Amino acid sequence: MVSLNIFAALAILGVALPSTLATQWIVGDSQGWDLNVDYTTWASGKTFLVGDTLVFNYNQGSHDVVNVTGTEYQQCTESNGAVPLTSGHDVITLAVAGNHWYICDFPEHCSLGMKLVVDVLSGTPAISPPTSPTNSPPPPPPSSSSAPPPPLSSSSAPPPPPSSSGAPSPPPPPPSAAAGIAFSNCHVWIVGVFSILMIIMV
């Protein structure tokens, strides 16, 4: 079911896309299909493509439009089987490539200039791809002079704060001196106890 929907969408797109790309040409522009208009000048410089349309605007009953051959165009004549368009707003689709000739077959109108030839090209106009933006070069790396200073080492400790009294405190005694003082005090106590015991025993 999904593939069928996709196929249908693509088919619709294939039909609609050419029509959106086609150009509708108003023959003679604001002057329309009438006398005293130079249709050779009007057609020059225009690119007609297969699928484009020509719109002939004129007062109904005053003119018509007949598709003729190159020879009939030159001679301002038409074949017996030609069917003129007479609606006053005739729209003709340019279905095939090549030259297409049109005249008004009202008496003397073609010889007075109501004739048009267009050269139809096949294909669609080329569309130039968008230009990609120019890549700008990357910025240069920062110089060594702008590098931040290295962080302080964790082994370096800040100096101790000064004493609040202002006088420097005496340094603690070395471990060996403290042990000697403790041993001397213990020796004096033992000698004293031993001396008292000797006096009592005597």
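Worth saying up front: this structure is predicted, and the values here are computed from it rather than measured. (Residues numbered from 1 in each chain as written. Predicted model: local features only at pLDDT ≥ 70, side-chain atom pairs only at ≥ 80, totals over all residues. Heavy atoms only, no water.)

### Digging into the sheet that holds strand 4 (residues 66-68)
So, point 1. Within the open sheet, the 4 strands sit side by side as 2-7-6-4. Their pairing is mixed. Taken across any chain shown, the strands that pair with only one partner, and hence form the sheet edges, are strand 2 (48-49) and strand 4. (Pairing = 2+ DSSP bridges. Helix = DSSP H or I, 4+ residues; strand = E, 2+ residues; numbered from the N terminus.)

### Some thoughts on the nonpolar core
In a soluble, globular protein the nonpolar side chains are often hidden away together inside.
So, point 1. Counting 20 residues, the largest nonpolar core has Trp-33, Phe-48, Leu-54, Phe-56 and Leu-116 as its most contacted members.
So, point 2. Of all the secondary-structure elements, those providing two or more residues to this core are helix 2 (39-43), strand 3 (53-57) and strand 7 (115-121).
So, point 3. The contacts of Phe-48, once residues within four sequence positions are left out, are Trp-25, Trp-42, Ala-43, Leu-54, Leu-94, Val-118, Asp-119, Val-120 and Leu-121.
So, point 4. With 6 residues, the next largest nonpolar core counts Val-66, Ala-82, Ile-103 and Cys-110 among its residues. (Core = buried A, V, L, I, M, F, W, Y, C linked by side-chain atoms within 4.5 Å. Buried < 20%, exposed > 50% of the residue type's maximum accessible area, 1.4 Å probe, protein only. Contact = heavy atoms within 4.5 Å.)

### Describing the side chain of Glu-72
So, point 1. If you trace the backbone, Glu-72 turns up in helix 3 (residues 70-75).
So, point 2. It turns out Glu-72 is buried and unbridged, and the closest side chain with the opposite charge, Lys-115, is 12 Å from it.
So, point 3. From its side chain, Glu-72 meets the backbone nitrogen of Thr-69 in a polar contact 3.0 Å long.
So, point 4. In contact with Glu-72, not counting residues within four places along its chain, are Thr-77, Glu-78 and Ser-79. (Lys, Arg positive; Asp, Glu negative; His and termini not counted. Salt bridge = Lys/Arg side-chain N within 4 Å of Asp/Glu carboxyl O. Polar contact = N/O pair within 3.5 Å; in protein donor to acceptor, adjacent residues only side chain to side chain.)

### Looking at the state of the cysteines
So, point 1. Summed over the entire model, instances satisfying the criterion amount to 1 disulfide.
So, point 2. A sulfur-sulfur distance of 2.1 Å marks the disulfide that ties Cys-76 to Cys-110. Classification of the bridge connecting Cys-76 and Cys-110 rests on its S-S torsion, roughly -70°, and on that basis the disulfide is left-handed. Residue Cys-76 is found in the loop between helix 3 and strand 5 (89-93), and its partner Cys-110 is found in the loop between strand 6 (98-103) and strand 7; the two are separated by 34 residues along the sequence.
So, point 3. Its relative accessible area of 27% is what places Cys-76 among the partly exposed residues. (Disulfide = S-S within 2.5 Å.)

### Quick notes on the side chain of His-100
So, point 1. Position of His-100 among the secondary structure elements: in strand 6.
So, point 2. Only 2.9 Å separates the side chain of His-100 from the backbone oxygen of Val-96, close enough to count as a polar contact.
So, point 3. If we skip the residues at most four places from it in the chain, His-100 touches Leu-94, Leu-116, Val-117, Val-118 and Val-120.

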